[in-house]
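What follows is each chain in one-letter form.
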Amino acid sequence: MEVKITTSDGVTIVEISGNLDANTVPQAESEIMPLIVPKCLLVLDMGKCQYVSSAGLRILLTITKRLKTTEGGQWCMAGVPQEIMDVMEMTGFSRFFKTFDTVSAAVKAIQEGV
Amino acid sequence: MIRIDANPTREYNGFDLRAGKPLPFGATLLADGGVNFSVYSRFATACELVLFKKHEAQPFAIIPFPDEFRIGNVFTMVVFDLDFEDTEYGYRMDGPFNLEEGHWFDRTKILMDPYAKVIGGRDVWGKIPDWDNIYPHRARIFFDDFDWEDDRPLEIPLEDIIVYEMHVRGFTQHTSSGVKHPGTFMGIREKIPYLKELGVNCVELLPIHEFDEFENSRISPITGERLVNYWGYSNVGFFAPKAGYAASGKFGMQIDEFKALVRDLHKNGIEVILDVVFNHTAEGNENGPYISYRGIDNKTYYMLTPDGYYYNFSGCGNTLNCNNPIVRNMILDCLRCWAADYHIDGFRFDLASILGRDQNGAPMNSPPLLETLAFDPVLGKCKLIAEAWDAGGLYQVGVFPSWGRWAEWNGKYRDDLRKFLKGDYGTVNAMIQRLQGSPDLYQWRGTNASVNFITAHDGFTLMDMVSYNEKHNEANGEGNSDGSDDNESWNCGWEGPTEDVEINRLRKKQIKNAAAILLVSRGMPMILAGDEMGKTQLGNNNAYCQDNEISWIDWTLLDTNAEIFNFYKKMIAFHNSHPVLRSNRHFQNIDYMGSGYPDISWHGNKAWNVDDSNGEPVIAFLLCGLHARGGTSKDDYVYVAMNMHWEPHSWELPKPPESLSWHVFANTDKLPPEDIWEVGQEVMIENQSEFIVGPRSIVILIGK
């Protein structure tokens, strides 16, 4: 798994590629959690993510929870592959996440306050 | 703060190890990244931990438990640096092999952990397994957390519950269900709006613990189809939800999917009761496979004859040794897990009488297991429902040891109601008991002890009960010898489906009659899923092996039998909106509120006068609205006239209180839309003193 961080118009885009599972969650956690600061705007680009395990879903939910208690912080996901989206739906996780088809749609939405 | 015992103390073939903690049993993920393995065996002399990568044929490691790591009869060890999501584990146990002594140790067998929380191997329902797999049912390690969002069991009072008994797969597997993931927990989640429309507030799921649908699987000589263990009354593991029931089972996420279902049902006011099978396991008799218990500690887990054979009180080859202290604790740990970790609202215990037998199989007066469950703090608000009989001849309906906590499947309700329904003479006195919550059986326990049902998964569906005199189980491949012969059914004049308009009309009427009686009886009503739309199994009264259209609900029946669904829906609404129908108190048959009417009164063709001298299946009762909930609630008056005779009967109506008049809520003799009305839209009748009740018909009036 690889985490690539870029910014676009004040929005931080975190691209996750590869597998998000128990092996890689600690690394993802250490790279993403520091980005969660007051007024942060995050888009998680999942377009190149191939697999999200149970532990992977949990880190995504943890990000949501952390952002809820971070003043002005917002985030959403973009480009989630259908199979991963299905898993999120089956397990009841999808209701916690906002998702958009493309990164640009996500960036636009988050700038407008999703 | 870093623990000083966080470091390994020794190494084995590249694996860092440390002595583990004996409790809790099972595999527990530790904060320091290690996994604590702990397994009980009294008679094993040695134990090895066998580790596989997910789905791999051969293990990648076999680690013996060092003797210093054993505490008492528990083998325990922490293994560090395991990729827990990709690991499957089992045990190999060494010990005596002496069948007369009850010991079945075989150190070549890889055994599943009895406390496994996730079990792999049957991840997708019906996928033909690799029969040569050296470890077919594999324990996995789970990170045990879930975001319940303040959910907890609903604790709906028993008297307000309407149970809907369903099979997870059968509910949505039919293509007509229209759900995205048929046959799964997710499928039920998609059908929650339907359950709400119907109006039930509790689903009782046939076993959802990991079982092997391929157990005793065979090809039907009649249909050529593969027969499987469809019902699932045969546990592989007690702690794990069935992977094949989860759309996400192939990803190993069945726990999350099932919890999401429970949470969403709760959000919609619907409780979840699990059908639990603690009477036997899937290991069968002396010829059965080693899965877990037999190889871990046969003598502890099973009831054995003095010669070391398996007692068979379950009819399934073996009997779990429920009142052995170790097994008792396992059952308690298991139920606590389902109640606390899964927020389950209650349990229905299959062949529960076995839970009251001692280690030699003799029935006990105060079975410690049943007492423990009745008083356990974690289970304190869970509904406990017994199937109060077993396959060894114990029949305890009315006398199941209850400590005021246990309810029962009331088999007598089912039998008496069926006889009455088909018009048997001499059935009225029994019906008077059943309609009142069976005070003859539950005088000291309240009417909540009685789960009232006419049909359940085991037996005819309601449509088949009015369409067949005899069972038709040929498709099961046992020459129609399986299944009960004692059905008390009546085919209304023709065996099986017919084009005859009159017969079909009578069948629908009989179904409505059954639904009406069920929903005006005191006690907890239970509806078999599909009955509300006239589901048929083509006369098969034992469809345990039929994973096909015999068992699955055909949702197009909602259109075909719209009038049945409409009737059920409105009867359920009627039940839910009239507190006079729902109370844990027994009727006293007197007026203790000074209303001028007893709480319940009985009527024949003459008001206030029951003449049962000729034995006709004809009876009416009146509920006084001022006695609702023991006089603590106020309701309408409810009058129910039941004429199961094949002739019409004219009924003199009891006079309602001065300001009230009789309105028709239901009359099963009428065709839709006049068979039943919306609650609150009941129609005032012109003749307030007399009502003609058609043949085999029920009339429900309310005084308002």
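Per chain, the residues get numbers from 1 upward, laid out in the order the sequence is written. Here the convention is simple: chains get letters from A, ligands get numbers from 1, in the order in which they are written. Selection of residues for local features in this predicted model requires a pLDDT of at least 70, selection of side-chain atom pairs for listing and counting requires 80 or more, and totals for whole chains, interfaces and linings are taken over all residues.

Quick look at the overall build of chain B now. A run of H or I in DSSP counts as a helix once it spans at least four residues, and a run of E counts as a strand once it spans at least two, with each numbered from the N terminus. The helix and strand inventory of chain B stands at 15 helices and 31 strands. For chain B, whose C-alpha radius of gyration is 27 Å, the value lies close to the compact-globule estimate of 27 Å for 704 residues. By its C-alpha atoms, chain B is 90 × 55 × 50 Å across when sized along the principal axes. Put simply, a residue is buried when 20 or more other C-beta atoms lie within 10 Å of its own C-beta and exposed when 12 or fewer do; between those, it is partly exposed, and each C-beta is set from the backbone. Relative to its full complement of 704 residues, chain B shows a buried share of 55%. The contact criterion used is a C-beta to C-beta distance within 7 Å, with each C-beta placed from the backbone. Restricting the contact set of chain B to residue pairs at least 6 apart, pairs at least 24 apart contribute 71%. Note that the radius of gyration is over C-alpha atoms, with the globule rule given as 2.2 Å times the number of residues to the power 0.38.

This paragraph deals with the sheet that holds strand E6 (residues 61–64) of chain B. Residue and element names in this part refer to chain B. A pair of strands counts as paired when DSSP detects no fewer than two bridges linking them. Taken in spatial order, the five strands make up an open sheet running E6-E5-E9-E13-E12, and their pairing is antiparallel. Looking at strand neighbours, the two that pair on one side only are E6 and strand E12 (118–120), the edges of this open sheet. Across this sheet, the average inter-strand angle for adjacent strands is 35°, counted without regard to direction. In the sheet, E12 pairs with strand E13 (residues 138–140) via three bridges, with the strands oriented antiparallel. Looking across to E13, one finds that Ile119 is bridged to Ala139. As a rule, the C-alpha atoms of each element are fitted with a line to give its axis, helices using only the stretch in contact, and angles between N-to-C directions run from 0 to 180 degrees.

So, on to helix H8 (residues 411–421) of chain B. Residues and elements named next belong to chain B. Residues of H8 that are buried include every one of Tyr413, Arg414, Asp416, Leu417, Arg418, Phe420 and Leu421, and no others. Those residues of H8 hidden inside the fold are in contact with helix H9 (428–435), strand E22 (450–453), helix H11 (462–465) and helix H12 (501–520). In the stretch just after H8, Gly423 is the one whose phi turns positive, near 90°.

Attention now goes to the interface of chain B and chain A. In many analyses, interface size is given as the accessible surface area lost on bringing the parts together. Each side of the interface is counted separately: chain B has 17 residues, and chain A has twelve residues. The element contributing the most residues to the side of chain B that touches chain A is helix H4 (residues 254–267) of chain B, with four residues. Looking at the side of chain B that touches chain A, its residues break down into seven nonpolar, three polar and seven charged. Put simply, Ala, Val, Leu, Ile, Met, Phe, Trp, Tyr, Cys and Pro go in the nonpolar bin, Asp, Glu, Lys and Arg in the charged bin, and everything else, Gly too, in the polar bin.

All names here are of chain B. Following both chains from N to C, one finds helix H6 (residues 325–341) and helix H7 (residues 368–375) inclined at 25°, their axes separated by 10 Å at the closest point. Between H6 and H7, the angle is such that the two are roughly parallel. Crossing handedness for the pair H6 and H7: right-handed. Contacts between H6 and H7 involve Arg328, Ile331, Leu332 and Leu335 on the former and, on the latter, Pro368, Leu369, Thr372 and Leu373. A breakdown of the residues in the contact of H6 with H7 according to their chemical character gives six nonpolar, one polar and one charged. In what follows, roughly perpendicular refers to angles from 65 to 115 degrees, roughly parallel to angles under 35, roughly antiparallel to angles over 145, and oblique to any angle outside these ranges. Crossings are sorted by hand: turned counterclockwise from the far helix by less than a right angle, the near helix makes the crossing left-handed, and turned clockwise it makes it right-handed.

Okay, unusual backbone geometry next. Residue and element names in this part refer to chain B. With an omega dihedral of 0°, the bond running from Leu23 to Pro24 counts as a cis peptide bond. Examined against the element boundaries, Pro24 turns out to sit in the loop between strand E2 (15–19) and strand E3 (26–29). Cis rather than trans, the peptide bond between Pro672 and Pro673 has omega equal to 5°. Following the sequence through the fold, Pro673 ends up in the loop between strand E28 (662–667) and strand E29 (683–684). Although it is not a glycine, His55 sits at a positive phi angle of roughly 70°. Relative to the assigned elements, His55 resides in the loop between strand E5 (46–53) and E6. One non-glycine residue, Cys492, adopts positive backbone phi at about 65°. Note that Cys492 resides in the loop between H11 and H12.

A word on the pairing of strand E5 (residues 74–78) of chain A. Residue and element names in this part refer to chain A. Of the strand pairs in this sheet, strand E3 (residues 41–45) and E5 are connected by five bridges, and their pairing is parallel. Across the sheet, the residue bridging to Leu41 is Gln74, located in E5. Here E5 pairs with strand E6 (residues 99–100) via two bridges, running parallel. By the bridge assignment, Ala78 is partnered in E6 with Phe100.

An automatic or database domain assignment supplies the residue ranges for each domain. For chain B, the assigned domains read domain 1 (10–140), domain 2 (161–468 + 486–541 + 553–580) and domain 3 (590–703). Of note, the centres of domain 1 of chain B and domain 3 of chain B, computed from C-alpha atoms alone, are 64 Å apart.

Think of a nonpolar core as buried Ala, Val, Leu, Ile, Met, Phe, Trp, Tyr and Cys residues, each tied to the set through C-beta atoms within 7 Å. Core analysis: the biggest nonpolar cluster contains 239 residues, and Val43(A), Tyr639(B), Val640(B), Ala641(B) and Ile700(B) have the highest contact counts within it. Residues contacting Val43(A), with those up to four places away along its chain left out, are Val11(A), Ile13(A), Trp75(A), Cys76(A), Ala78(A), Val103(A), Ala106(A), Val107(A) and Ile110(A).

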